[in-house]
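For reference, the chains in residue letters:
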Amino acid sequence: MKNNFIQQIDNVIKCIEENNEFVLTSHVSPDGDNIGSTLGMHRFLNSIGKKVYYVLDDEIPSNLLFLKDDIEKLNSSEFDTKKDYILISLDCGDEKRICTNDDIKKYAKKRICIDHHASNDASFSEVNYIDSEASSTCELVFNLIRRYSELKTIDYIDEKIATRLYAGLSTDTGNFQYSSTSPETFEMAKILLEHGAKRDMLIQKLYQSNSFNYYRLLGDALNTLKVEKTSNGKLVASISVSIDMMKKHSIGFNEIDGLTTYTRDIENVEVGILLKEKRKGEIKISLRSKNDIDVSQIAMQFGGGGHIKAAGCTINDTIENAEKIIKERVLRAF
Ligand code: 5GP
Ligand code: MN
């Protein structure tokens, strides 16, 4: 654990110790780190006797549902904000992306933010543990639980927590491929495995359980693949997925995040772009960079954000226009 974050971790621990009821939430369009960090934290808080509510107004992708286990997921409208509660948002770098209604954000007694997004300016919570160099929010939850365990001389990481945190660690690092994978990441993976993280089961669920329909959609999506030359002879690639395509193959909007990697993983491609039509006129864009282009800066120009090598934003236009607009901006970054 990096020493310069101990104060931030201890501030979170103090707030946890001083309060009894917590709402845990994360960002819209949930991914492995979102679910893993939230539910790892959920179990930890339960195990130290806290009352915890899990609120997320979005669908969990089917390949991540197993992580939820028997935890009840509420929609915002099912939560009574008259309670005295602390809101903990995990893996969310932007207040607009917190996946609850405004009342839950507004009536919280205090807000804790645990996050690793470079674009997080710590402006929407009173208590912050933000480390943009961490591989994942699961790494931060791990540090927090380890610190608490050290203070209480009780080991709070059990098999379920280890499995949930390993899931986010694996998905946010591209299963230990990306440059955010540090020696601390491997150290954490080692400790989680020693605590019984079910890696083989996770790998199968996360990476080896795509549906047949998903592959059908993948075929159509790959047919939209386009590449453009940049000013320095590199390539930018893009794939577009329309609502009709998702409908045709009965695939939900949250089930196809994995397609982004197909744009990036092409020889000589520096930046990959996935455009997904959420509604008519609302296009969700995912950006991936292989080397030096900072895609979080590009996403921020459209009101989005993320990390240097993985970021996203929304453009309200047709899918064709959004493609033109984002490509032009990406090509200008070279
Ligand atoms: P993805 O492309 O997988 O949706 O997201 C890549 C990264 O950028 C994730 O860390 C995600 O949380 C972040 N991200 C995606 N879309 C947005 C957005 O609209 N706003 C912000 N602030 N971050 C985003
Ligand atoms: Mn994350």
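Our structure's up above, just so we're on the same page.
Residues numbered from 1 in each chain as written. Chains lettered and ligands numbered in written order. Predicted model: local features only at pLDDT ≥ 70, side-chain atom pairs only at ≥ 80, totals over all residues. Heavy atoms only, no water.

In this section: the overall build of the protein. Each helix and strand counted, the protein has 12 helices and 12 strands in total. For the protein, the C-alpha radius of gyration of 20 Å lies close to 20 Å, the compact-globule estimate for 334 residues. For the protein, the proportion of its 334 residues judged to be buried stands at 54%. Sequence separation of 24 or more characterises 65% of the internal contacts of the protein that already satisfy a separation of 6 or more. Summing over all exposed atoms, the protein offers an accessible surface of approximately 15100 Å²; the carbon and sulfur share of this is 45%. Averaging the positions of the 44 positive and the 51 negative side-chain charges in the protein gives two centres separated by 2 Å. (Helix = DSSP H or I, 4+ residues; strand = E, 2+ residues; numbered from the N terminus. Rg over C-alpha atoms; globule rule 2.2 N^0.38 Å. Buried < 20%, exposed > 50% of the residue type's maximum accessible area, 1.4 Å probe, protein only. Contact = heavy atoms within 4.5 Å. Areas by Shrake-Rupley, 256 points an atom, 1.4 Å probe, with all protein chains shown as cover. Lys, Arg positive; Asp, Glu negative; His and termini not counted. Charge placed at Lys NZ, Arg CZ, Asp CG, Glu CD.)

Residues in close proximity to ligand 1 total 14 residues, the closest being Arg97, His117, Lys284, Ser286 and Arg288. Aspartate 94 places a side-chain nitrogen or oxygen 3.5 Å from a nitrogen atom of ligand 1. Take lysine 284: an N or O atom from its side chain is 3.0 Å from an oxygen atom of ligand 1. Relative to its free-state accessible area of 490 Å², ligand 1 is covered by the protein chains to the extent of 88%. When residues of the shell around ligand 1 are traced back to their parent elements, those giving at least two are strand E10 (282-289), strand E11 (305-306) and strand E12 (310-315). For the shell around ligand 1, the leading source of residues is E12, giving 4 residues. (Near = heavy atom within 4 Å. Polar contact = N/O pair within 3.5 Å; in protein donor to acceptor, adjacent residues only side chain to side chain.)

Attention now moves to the coordination of the manganese ion (ligand 2). Coordination of the manganese ion (ligand 2) by the protein comes from Asp33 (OD), Asp91 (OD), His116 (NE2) and Asp172 (OD), over a distance range of 2.2 to 2.3 Å. Here the donor residues of the manganese ion (ligand 2) are spaced in sequence according to D-x57-D-x24-H-x55-D. Pair noted here: aspartate 91 is in the loop between strand E4 (86-90) and helix H3 (102-106) and histidine 116 is in the loop between strand E5 (110-115) and strand E6 (127-130), with a separation of 25 residues, a long-range link. Each member of the pair, aspartate 91 as well as histidine 116, carries the same accessibility label: buried. (Donors = N, O, S within 2.8 Å, 3.2 Å for Na, K, Ca; no water.)

Take the state of the cysteines next. On inspection of all chains with the given rule, the structure shows 0 disulfides. Looking at the unpaired cysteine 92, the closest cysteine sulfur is the one in cysteine 113, lying at 7.4 Å. Classification of cysteine 92 as buried rests on a relative accessible area of 1%. (Disulfide = S-S within 2.5 Å.)

Moving on: the sheet that holds E5. The pairing of strands in a sheet happens through backbone hydrogen bonds and is either parallel or antiparallel. If you trace the 6 strands from one edge of the open sheet to the other, you get E3-E2-E1-E4-E5-E6, paired in parallel fashion. Edge positions in the open sheet fall to strand E3 (73-74) and E6, since each of these has one partner strand only. Against the sheet, helix H1 (residues 6-17) contacts strand E1 (21-25), E4, E5 and E6, and its axis sits at roughly 140° relative to E6. Here helix H2 (residues 32-47) sits on the sheet in contact with E1, strand E2 (51-55), E4 and E5, set at roughly 160° to E2. (Pairing = 2+ DSSP bridges. Axes fitted to C-alpha atoms, helices over the stretch in contact; angles between N-to-C directions.)

What follows deals with the pattern of salt bridges. Pairs can form between side chains of opposite charge whenever their charged atoms are close. A complete count under the given rule lists 23 salt bridges for this structure. Residue aspartate 84 is joined to lysine 109 by a salt bridge in which the shortest nitrogen-to-oxygen separation is 3.9 Å. A residue pair is termed long-range when its members are at least 10 positions apart, and aspartate 84 in the loop between E3 and E4 and lysine 109 in the loop between H3 and E5 qualify at 25 residues. Overall, aspartate 84 belongs to the exposed group, its relative accessible area being 52%. Taking relative accessible area as the criterion, lysine 109 reaches 48% and is therefore assigned partly exposed. Taken together, the shared-partner salt bridges in this structure form one network comprising Lys226, Glu228, Glu323 and Lys327. (Salt bridge = Lys/Arg side-chain N within 4 Å of Asp/Glu carboxyl O.)

What follows concerns helix H12 (residues 319-332). Taking 1.5 Å of rise per residue, 14 residues should cover 20 Å, and H12 covers 20 Å from first to last C-alpha, within 8% of that figure. Every buried residue belonging to H12 is among Ile319, Ala322, Glu323, Ile326, Lys327 and Val330, and all of these are buried. One side of H12 carries all its buried residues, which in axial view fall inside an arc of 120°. Those residues of H12 that are exposed and angled more than 90 degrees off the buried face are Glu320, Lys324 and Arg332. The inward-facing, buried residues of H12 abut strand E7 (226-229), strand E8 (235-241), strand E9 (269-279), E10, helix H11 (295-300) and E12. (Expected span 1.5 Å × (residues − 1). Arc of directions from axis to C-beta.)

The next subject is unusual backbone geometry. Not every positive phi belongs to a glycine, and asparagine 175 is a case in point at roughly 50°. Within the fold, asparagine 175 resides in the loop between helix H5 (159-172) and helix H6 (183-194). Of note, the phi angle at serine 250 is positive, near 50°, even though the residue is not glycine. Owing to a relative accessible area of 61%, serine 250 belongs among the exposed residues under this scheme.

This part takes up the pairing of E6. Side chains Val127 and Tyr129 of E6 all project onto a buried face; the interleaved residues Asn128 and Ile130 project onto the opposite face, where all are buried too. For E5 and E6, the ladder comprises 4 bridges, and the chain directions are parallel. Looking at E6, one finds that cysteine 113 is bridged to asparagine 128.

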